[in-house]
Amino acid sequence: MNTTEKLIWNIEDLGSALGRTINSIRNDLHRKNWQRTPPPTRLAGTLVWRPKDVDAWLEQRAKESGAVLDEVSEHVVSRRRPGRPRKSC
């Protein structure tokens, strides 16, 4: 069965969907790093994810990163190059 057909994903399915290792997901869950891993649901003592919740989380992250990239691009254009100024001859 393909992971996109499942109603509930386990940590292995989430890792394959996000392209991350199981250990990196477990580390983020332990640290409660919700910027890198979607919040799980506990079902019978097991951490699981619903695919539609993961899709919503990815959409939110894409919107946030787009806004951040717009802000960063404004600052990069106006920033001067670091370093010592050149001599004017």
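One structure accompanies this document, and this report is about it.

Scoring rules and cut-offs
- Position labels on residues start from 1 in each chain and follow its written sequence.
- Reporting in this predicted model follows two pLDDT cut-offs: at least 70 for local features of residues, and 80 or more for side-chain atom pairs to be given and counted; totals over whole chains, interfaces and linings ignore these cut-offs and use all residues.
- Values reported for side chains reflect all heavy atoms of the structure, with hydrogen atoms and water molecules removed beforehand.
- When accessible area is computed with a 1.4 Å probe and restricted to protein chains, residues below 20% of their type maximum are described as buried, those above 50% as exposed, and intermediate ones as partly exposed.
- Counting from the N terminus, the helices are DSSP H or I runs at least four residues long and the strands are E runs at least two residues long.
- Read the arc as the range of directions from the helix axis to the C-beta atoms.
- Any two residues whose heavy atoms approach within 4.5 Å at even a single point are treated as in contact.
- Two N or O atoms count as a polar contact when they lie within 3.5 Å, although within protein this holds only if one can serve as hydrogen donor and the other as acceptor, and sequence-adjacent residues are included solely when both atoms are side-chain atoms.
- In what follows, salt bridge is the name for a side-chain nitrogen of Lys or Arg lying within 4 Å of a carboxyl oxygen of Asp or Glu.
- Note on geometry: axes are C-alpha line fits, over the in-contact stretch for helices, and angles between N-to-C directions span 0 to 180 degrees.
- Angles are sorted into four bins: roughly parallel if under 35 degrees, roughly antiparallel if over 145, roughly perpendicular if 65 to 115, and oblique for all others.
- The classification used treats Ala, Val, Leu, Ile, Met, Phe, Trp, Tyr, Cys and Pro as nonpolar, Asp, Glu, Lys and Arg as charged, and all other residues, Gly among them, as polar.

**Things to note about helix 2 (residues 22–31)**
Those residues of helix 2 that fall on the buried side of the exposure criterion are Ser-24, Ile-25, Asp-28 and Leu-29. Viewed along the axis of helix 2, the buried residues span an arc of 140°, placing them on a single side of the element. Exposed residues lying more than 90 degrees from the buried face of helix 2 are Asn-23, His-30 and Arg-31. Backbone geometry just after helix 2 places Lys-32 at a positive phi near 55°.

**Quick notes on the environment of Gln-35**
Its location among the elements puts Gln-35 in the loop between helix 2 and strand 1 (41–43). A relative accessible area of 47% places Gln-35 in the partly exposed class. As for Gln-35 and Arg-61, which are separated by 26 residues in sequence, their C-alpha atoms are 7.9 Å apart. Apart from the residues lying within four places of it in its own chain, the contact partners of Gln-35 are Trp-57, Arg-61 and Glu-64. Of the polar contacts made by the side chain of Gln-35, one reaches the side chain of Arg-61; its length is 2.7 Å.

**Notes on the pattern of salt bridges**
Tallied over the entire structure, the rule returns five salt bridges. Two residues, Arg-36 and Asp-28, come together in a salt bridge whose shortest N-O distance is 3.2 Å. By relative accessible area, Arg-36 is classed as partly exposed at 45%. Its salt-bridge partner being Arg-50, residue Asp-53 comes within 2.8 Å of it at the nearest N-O pair. The partly exposed category is assigned to Asp-53, whose relative accessible area is 31%.

**Quick look at the packing of helix 1 (residues 11–18) against helix 2**
Interaxial distance between helix 1 and helix 2 falls to 9 Å at its minimum, and their mutual angle equals 105°. One element, helix 1, and the other, helix 2, form an angle in the roughly perpendicular class. The segment helix 1 lies against helix 2, with Ile-11, Glu-12, Leu-14 and Gly-15 engaging Ile-22, Ile-25, Arg-26 and Leu-29. Of the residues in the contact of helix 1 with helix 2, the class split is five nonpolar, one polar and two charged.

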